[in-house]
Amino acid sequence: MTMPAANAAPGRFGPYGGQYVPETLMPCLRELEAVWLAARADPAFLAELAALQADYSGRPTPLYRARRFEAACGARARVWLKREDLNHTGAHKINNCLGQVLLAQRMGKARLIAETGAGQHGVATATVAALAGLRCTVYMGEVDMRRQEPNVRRMRLLGAEVVPVLSGARTLKDATSEAIRDWVTNVADSHYIIGSTVGPHPYPTMVRDFQAVIGIEARRQVLEKEGRLPDAAIACVGGGSNAAGLFAGFVDDPVALYGVEAGGGAQGHSAALALGSPGVLHGSLSYLLQDEHGQVVPAHSIAAGLDYPGVGPEHSFLKDTGRVTYDKVDDDEALAAFGDLCRLEGIIPALESSHALAFCRRLLGDEAACAKLVATRAAGPDAGPLVVVVNLSGRGDKDMHGDAGDQANGGAHGQAR
Amino acid sequence: MGRLGELTHALRAAGARPVVPFVTAGFPDDAACRGALRGAREAGCRLVEIGVPFSDPVADGPVIQAASQRALLQGMTPARALDLAAWARRELDLTVVLMGYLNPVLRMGGERFADACAAAGVAGLIVPDLPVDEAAGLRAPLRAAGVDLVSLVAPTTDAARLRLHAAHAAGFLYLVSTTGVTGTGAGAGDDLEAYVARVRAACALPLYVGFGVGTAAQAARVARCADGAIVGSALLRRLEGIDDEAAARTATASFIGELAAAMAAAGDAAGKGDRS
């Protein structure tokens, strides 16, 4: 596999990023950075990773044209879904875990630690731990253990210890804090696989690089199928790893990029970029939901994987530079898109990915916005219908027992419950 | 040298091995917290650490997490923690070191926070999630305001990083006793003495050991090799459930007094050993 060019200033994206962690972890972060920099330039490492991606995870994942979904969106575009849901373990999270477990082995670590929200990253970490013969502990908020119960069972089946987190809002933020505490305590023998492009340097860069395979493949595939680059690429953003991976393929091209945060509902939201302000949480400076005293405000989303008050530092930089447009989609819109894809395409998307689908539908339903995209696109106004790539970052089987299952069974949200 | 460094050097020169109590501002409640500080003064403490509660304290174990959460629910803020520090300085003549995570400091702004510390008479600041490599931006305004930014070193800190700490640290050097979070360690690793000796060879500042020091025996062991001990979770555990000033005062004076006596005895013995 190929890796994107290194950042100009290691660990910083403009003012964002950094290493705001207890001293105990600093030597370990230095070691991880050195091992990672050596590995990303080592053909043997890249070949081993590429083989696992192909033979274990099933890459390349397909780029599929969702014709009935695009018709329902108003037939203004050809919509291509990057099928990360078809990866082994059912989401893009495995891309990062395969890379990091190889690094953990190079560092001689005997144990993996992970945090998880939706459970997809926890399942992916438990999976690579089994593959490598390492012990594995996954921290998961008690609320998330209930709403993503199938994934808890999967992790335990794979041999991982799942530790319920009872502090704070009992969701992803609290699971991350608890994973960091475990890591501080067991740093000598344990590697912490952060599941998103968050945390102290080198994680945001390293996780993006492992996820860049999404965008690199999607770019090649859309060129094969359309003969040109897409006009827009869309991904959901919690911590932001699937978006960082997709955008990595197109950030240097004239392609409009959209990151979609969780607008939540009456209980709150998770839109750190849209509604937060810069602050430090979990090791890096980035946009953050906080109060006037600098206390972190609990997030909310129906999608456990987006239910996080922070966001990766590179997304903060891409927001400030204007290279990526960030917007938000609320719980109900995401549930409606979830139902659409189930019924129109026979694909059950994760609730997280449903936010990207909902935004796609909103964008394509906006005649003026589409006209503007056509008028300003690099391909020119006469290049035919819009071409849009949406990252279908994960599958939704995990969501079947909750609100999403009710929605899918009952048609419009809330009916026939 | 700042006021904190002057005090810690003077204490070392006098052969004292102070115990430094840590309280979370506003825990168990405002009155009991003040009572605990009074109790510390009664036990002979000159130096105390006051924690500014934060919603996501990643370096803290369950006791300080719970204390922080409770204080926040009761309305504690950085500004009110600074008021408490000013009170301890004014009423009890205590030298106060604040411990606070970075985000509330950033939210107030580095310069504003430094000025507020100076106005409250705070002598030093400890920021557990601000490693020495990232600290330049905060160190400068603190120095200008006469407040020492205290550096934390850990058992994992290697020789190269120790030199970095020695070049920048002020007030005292905070030795995290074990790899782990506050309050859960065994008090000190098997090799505490070797660890302290290794740090002492690299840094001339007084060395204070914290994280998991909570019994008289542990405090005495610290007194035999280092210059002071910081006691947080073990004290907060004794304050849990107390809701009046007098009880908090008595509980703190008794517990900290016990540790101080153990440290003094051990320190005297060690001092005699040095001279023989």
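The structure presented is a predicted model; accordingly, all values stated were derived computationally and were not measured.

**Student:** So what's going on with the packing of helix α13 (residues 331-345) of chain A against helix α14 (residues 351-364) of chain A? Residues and values would help.
**Tutor:** Residue and element names in this part refer to chain A. At a closest axis distance of 7 Å, the pairing of α13 and α14 adopts a crossing angle of 90 degrees. Here α14 runs roughly perpendicular to α13, going by the angle between their axes. Counted together, E333, A334, L335, A337, F338, D340 and L341 of α13 and L351, S354, H355, L357, A358, R361 and R362 of α14 form the full contact between these two elements. Grouping the amino acids of the contact of α13 with α14 by side-chain chemistry returns eight nonpolar, two polar and four charged.

**Student:** If you had to explain the pattern of salt bridges to someone new, which residues and values would you point to?
**Tutor:** Inspection of the entire model under this criterion finds 42 salt bridges over all chains. Here A:K173 ties to A:D174 by a salt bridge, and the two come within 3.7 Å at their closest N and O atoms. In this structure, A:K173 and A:D174 share a single accessibility class: buried. Salt bridges here are not isolated pairs; linked through shared partners, they connect A:E23, A:R30, B:D133 and B:R161.

**Student:** Outline the interface of chain A and chain B, supporting the account with residue identities and numerical values.
**Tutor:** The partner chain B presents 33 residues to the 35 residues of chain A that form the contact. Of the roughly 2,600 Å² buried where chain A meets chain B, counting both sides, 52% is carbon and sulfur surface. At the junction of chain A with chain B, the criterion picks out four salt bridges. Two residues, A:R30 and B:D133, come together in a salt bridge whose shortest N-O distance is 2.5 Å. Summed over the shared surface of chain A and chain B, the number is 21 residue pairs in polar contact (both at pLDDT 80 or more). Of all the elements in the fold, those that place two or more residues in the side of chain A that touches chain B are α1 (26-40), α8 (172-185), β11 (277-281) and β12 (284-288) of chain A. Among the elements that make up the side of chain A that touches chain B, the one with the highest residue count is α8(A) (eight residues). Split by residue class, the side of chain A that touches chain B holds 13 nonpolar, 13 polar and nine charged.

Conventions used here
- Residues numbered from 1 in each chain as written.
- Chains lettered and ligands numbered in written order.
- Predicted model: local features only at pLDDT ≥ 70, side-chain atom pairs only at ≥ 80, totals over all residues.
- Heavy atoms only, no water.
- Axes fitted to C-alpha atoms, helices over the stretch in contact; angles between N-to-C directions.
- Helix = DSSP H or I, 4+ residues; strand = E, 2+ residues; numbered from the N terminus.
- Parallel < 35°, antiparallel > 145°, perpendicular 65-115°, else oblique.
- Contact = heavy atoms within 4.5 Å.
- Nonpolar A, V, L, I, M, F, W, Y, C, P; charged D, E, K, R; others polar.
- Salt bridge = Lys/Arg side-chain N within 4 Å of Asp/Glu carboxyl O.
- Buried < 20%, exposed > 50% of the residue type's maximum accessible area, 1.4 Å probe, protein only.
- Buried area = accessible area lost by both parts, 1.4 Å probe.
- Polar contact = N/O pair within 3.5 Å; in protein donor to acceptor, adjacent residues only side chain to side chain.

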